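Take a look at the letters that make up each chain.
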Amino acid sequence: MTRFHEEPAPGLEQAYQGTLLHAEESAFQKIEVYEHPTFGRMLVLDGLVQTTTRDEFCYHEMLVHVPMIAVAEPRRVLIIGGGDGGTLRRVLEHATVTEAVMVEIDETVTTVSREFFPEIAGDAFDDPRATVLFDDGAAYVRDGSEPFDAIVIDSSDPVGPGVVLFSEEFYGQCRVRLNPGGVLSAQIGSPFYFPDEIAMALGNAAKAFPQVKPYVGAVPTYPGTLWGYMLAGERIDTDADTAGKRAAERGLQPRYWTPEIQAGAFAVPAFVAEVASGSPVFPKP
Ligand code: SAM
């Protein structure tokens, strides 16, 4: 067994003991796979837990179903990042989807994910509606023109190649690539440990979109468990009845997301709203 840990904040170690199954340095990051007695298989990039076979559904369902249900008939969807395929799989579960384009900068992440945890992607990579490109997602959005009904940003944290995916310029270019009524979702980090990242992402998105709403969900292996996402668009409003109807029509069978969560996703804790407003809610440690 190998002990490894994340250090989300000074003096805090989120430690794991697992069996290292694979380790390599890609052109972009260190990639490790662990077998863990509680979380199953774990994908770790540059020392940070990205996803696990035990709790991946908590994250991928909230990142994907919230935006997809907010759109009446999402057909073309763009995924930035998401190398493990969990986001692609959830997008393709929506029967309205005719094409899902996934742009992942590091092909090695997908190769390793397909070998060590094929269950996260299921058969998504072989779905005829899926197009998987290995490129910088920011360049893809900037240099292309085909429109999408939803853009899902399943990026790593704002470090290295991921930094650009939290920028005002990138969000502005995403808005250009969205059809009228289209929406963007993104994972934006821990509102408790990384409030500055949350405020930055929301602030940058607010310069590009008329409406930007933070929402939260639980992801057991992410620091602090309470995880931040955002939904951006021209007009965001999905009540539980609409959400339930659309989920039933599309044959969704989620294990975390519910129509009620969809309606309530934006009822965030007061401190998250404060973080979103950019006010420093936590004294500097
Ligand atoms: N589910 C994980 C999470 O919640 O943090 C992240 C999923 S996935 C592992 C994150 C992916 O974003 C990584 O595979 C990384 O290579 C990719 N990525 C980072 N920067 C990127 C960029 N500029 N364009 C495309 N993919 C990028």
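For the structure, see preceding data.
Attention here is on the structure that accompanies the text. (Residues numbered from 1 in each chain as written. Predicted model: local features only at pLDDT ≥ 70, side-chain atom pairs only at ≥ 80, totals over all residues. Heavy atoms only, no water.)

Taken together, 24 residues lie around the ligand, and Y59, E104, D136, G137 and Y222 are the ones closest in. Q29 is positioned with one of its side-chain polar atoms (N or O) 2.9 Å from an oxygen atom of the ligand. G162 is positioned such that a nitrogen or oxygen atom in its backbone is 3.5 Å from a nitrogen atom of the ligand. With respect to the pocket detection grid, the ligand is positioned in the largest pocket. The set of elements that each furnish at least two residues to the shell around the ligand consists of β4 (40–45) and β7 (99–104). (Near = heavy atom within 4 Å. Polar contact = N/O pair within 3.5 Å; in protein donor to acceptor, adjacent residues only side chain to side chain. 1 Å grid on protein atoms, 1.4 Å probe; cavity = no way out; pocket = protein on both sides within 12 Å on 5 of 7 lines; lining within 4 Å. Sits in = over half its atoms within 2 Å of the grid points. Helix = DSSP H or I, 4+ residues; strand = E, 2+ residues; numbered from the N terminus.)

A grouping of D237, D239, D241 and E260 is seen on the molecular surface, where their side chains present a negatively charged patch. Residue classification places D239 among the partly exposed positions, given a relative accessible area of 40%. (Patch = residues over 30% accessible without salt bridge, like charges linked within 9 Å, V, L, I, M, F, W, Y side chains within 5 Å. Areas by Shrake-Rupley, 256 points an atom, 1.4 Å probe, with all protein chains shown as cover. Salt bridge = Lys/Arg side-chain N within 4 Å of Asp/Glu carboxyl O. Lys, Arg positive; Asp, Glu negative; His and termini not counted. Charge placed at Lys NZ, Arg CZ, Asp CG, Glu CD. Buried < 20%, exposed > 50% of the residue type's maximum accessible area, 1.4 Å probe, protein only.)

Looking now at the packing of aromatic side chains. Using the criterion set out here, one finds 13 aromatic pairs in the structure. Seen from their ring centres, Y193 and F194 are 6.5 Å apart, and the 50° between their planes marks the pair as tilted. The exposure class assigned to Y193 is partly exposed, which follows from its relative accessible area of 26%. Look at F194 and you get buried, because its relative accessible area is 18%. Pairing Y222 with W227 gives two aromatic rings, centres 4.6 Å apart and planes at 55°, and the pair type is tilted. Among the residues examined, Y222 registers a relative accessible area of 7% and is labelled buried. With relative accessibility at 3%, the residue W227 sits in the buried group. In this structure an aromatic cluster arises from ring pairing among Y59, F192, Y193, F194, Y215, Y222, W227, Y229, F266 and F271. Directly above the ring of F266 sits K213, whose terminal nitrogen or CZ lies 5.5 Å from the centroid. The lysine or arginine in question, R255, covers the ring of F57, its NZ or CZ lying 3.9 Å from the ring centre. (Phe/Tyr/Trp six-rings, centres within 6.5 Å; stacked < 30°, edge-to-face > 60°. Lys NZ or Arg CZ within 6 Å of the ring centre and 35° of its normal.)

Attention shifts here to the pattern of salt bridges. Evaluated as defined, the whole model comprises 15 salt bridges. With its nearest N and O atoms 3.0 Å apart, the salt bridge here joins D127 to R129. Accessibility expressed as a relative area gives 17% for D127, which makes it buried. Salt bridges sharing partners connect three or more residues here, namely E56, R89, R90 and E93.

Okay, the side chain of D154 next. Turning to its location among the elements, D154 is positioned in strand β9 (residues 148–154). Side chain to side chain, D154 and T87 meet in a polar contact 2.8 Å long. For D154, the residues in contact, after removing those within four places along its chain, are Y59, H60, L63, I80, G81, G82 and T87. (Contact = heavy atoms within 4.5 Å.)

Moving on: the pairing of β9. For a regular strand, the rule is simple: side chains alternate between the two faces of the sheet. Within β9, seven of the seven residues are buried, which leaves the element mostly enclosed by the surrounding structure. Bridging between strand β6 (residues 76–81) and β9 involves five bridges; their strand directions are parallel. The partner of I80 across the bridge, within β9, is I153. Examined bridge by bridge, β9 and strand β10 (residues 178–189) share five bridges and lie parallel to one another. Bridge assignment links I151 to a residue of β10, and that residue is L184. This β-α-β element, β9 to helix α6 (residues 168–176) to β10, shows right-handed connectivity. (Pairing = 2+ DSSP bridges. Right-handed = clockwise from strand over helix to strand, strands pointing away.)

Right, let's talk about the layout of surface pockets for a bit. Estimates place the volume of the largest pocket at around 530 Å³. Forming the boundary of the largest pocket are 38 residues, of which L45, Q50, S155, S156 and D157 lie nearest the centre. Looking at the lining of the largest pocket, its residues break down into 17 nonpolar, 12 polar and nine charged. (Points joined across faces, edges and corners; volume = space filled by probe spheres on them. Nonpolar A, V, L, I, M, F, W, Y, C, P; charged D, E, K, R; others polar.)

Moving on, we get to unusual backbone geometry. Unusually for a residue other than glycine, D46 sits at a positive phi of about 50°. Its place among the elements puts D46 in the loop between β4 and β5 (48–52). On the accessibility criterion, D46 (46% relative accessible area) is partly exposed. One non-glycine residue, T225, adopts positive backbone phi at about 65°. Along the chain, T225 falls in the loop between β11 (211–218) and β12 (226–233).

Strand order across the open sheet formed by five strands is β1-β2-β3-β4-β5, with antiparallel pairing between neighbours. In this open sheet, the two edge strands, each paired with only one partner strand, are β1 (2–9) and β5. Going across the sheet, the axis of each strand differs from the next one's by a mean of 45°, ignoring polarity. Of the pairings in the sheet, the one linking strand β3 (residues 30–36) to β4 comprises six bridges and is antiparallel in character. In the sheet register, I31 faces β4, and the bridge partner there is L45. (Axes fitted to C-alpha atoms, helices over the stretch in contact; angles between N-to-C directions.)

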